[in-house]
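# Coordinates in review
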Amino acid sequence: QVQLVESGGGLVQAGGSLRLSCAASGSFFWINAMGWYRQAPGKQRELVATSSGGRGGSTNYADSVKGRFTISIDNARNTVYLQMNSLKPEDTAVYYCSCNIQTLSNLRDYWGQGTQVTVSS
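First, a word on scope: everything that follows refers to the structure included in this document.

What counts, and at which threshold
Residues numbered from 1 in each chain as written. Predicted model: local features only at pLDDT ≥ 70, side-chain atom pairs only at ≥ 80, totals over all residues. Heavy atoms only, no water. Phe/Tyr/Trp six-rings, centres within 6.5 Å; stacked < 30°, edge-to-face > 60°. Lys NZ or Arg CZ within 6 Å of the ring centre and 35° of its normal. Salt bridge = Lys/Arg side-chain N within 4 Å of Asp/Glu carboxyl O. Buried < 20%, exposed > 50% of the residue type's maximum accessible area, 1.4 Å probe, protein only. Helix = DSSP H or I, 4+ residues; strand = E, 2+ residues; numbered from the N terminus. Pairing = 2+ DSSP bridges. Axes fitted to C-alpha atoms, helices over the stretch in contact; angles between N-to-C directions. Disulfide = S-S within 2.5 Å.

### So, the packing of aromatic side chains
Counted by the stated rule, this structure contains two aromatic pairs. Across from the ring centre of Tyr96, 3.8 Å away, lies the NZ or CZ of Arg45, which sits over that ring. Directly above the aromatic system of Trp111 lies the positively charged group of Arg45, at a separation of 4.8 Å from the ring centroid.

Have a look at this one:
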């Protein structure tokens, strides 16, 4: 059983910063990639940032967050972080962690429960 536990959301004023964390636990062999998505009210879920961490180390960001958000991975702790700076009201959304994980039985994406980020103007 694989679990992703998120933390770090909250309410912040525009221009402020937040750091989200997502820790993977349970029984698995390795994590191929970790990332963050978000869903604002009335909108579809969208990619924020992804990273393959130690496996090549490639990262990918949505254009709307480039230069403001930074994704990082602590492989030893199976944890992915999202440092969010210069936050804007349009960043308000529920943020979800997603990890592509190899277990004994399969390779698939797992999702966290989501954490609310609210940016006030």
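Now that the structure has been shown, we can carry on.
### Observations concerning the pattern of salt bridges
As enumerated under the stated definition, the model contains five salt bridges in all. Residue Arg38 is joined to Glu46 by a salt bridge in which the shortest nitrogen-to-oxygen separation is 2.7 Å. Residue class for Arg38 comes out buried when judged on its relative accessible area of 6%. Arg38 serves as the salt-bridge partner of Asp91, at 3.0 Å between the closest nitrogen and oxygen. Separated by 53 residues along the polypeptide, Asp91 in the loop between strand 8 (79–84) and strand 9 (93–102) and Arg38 in strand 4 (residues 30–39) bring together distant segments of the chain. Here Asp91 and Arg38 have matching classes, each one buried.

### Structural notes on the sheet that holds strand 7 (residues 69–74)
Taken in spatial order, the four strands of this open sheet run 1-3-8-7, and their pairing is antiparallel. Unpaired on one side and paired on the other, strand 1 (2–7) and strand 7 mark the two borders of the sheet. Neighbour-to-neighbour, the strand axes of this sheet turn through a mean angle of 15°, independent of strand direction.

### Some remarks on the state of the cysteines
Enumeration according to the criterion identifies one disulfide in this entry. Here Cys22 connects covalently by a disulfide to Cys97, the sulfurs 2.1 Å from one another. Disulfide Cys22-Cys97: torsion about the S-S bond near -75°, hence left-handed. Here Cys97 lies in strand 9 and Cys22 lies in strand 3 (residues 18–26), a separation of 75 residues in the sequence. As far as the burial class goes, Cys22 and Cys97 line up, both buried. Unpaired in this structure, Cys99 has its nearest cysteine sulfur neighbour in Cys97, at a distance of 3.9 Å.

Everything listed here is a matter of geometry and, on its own, says nothing about what the molecule does.
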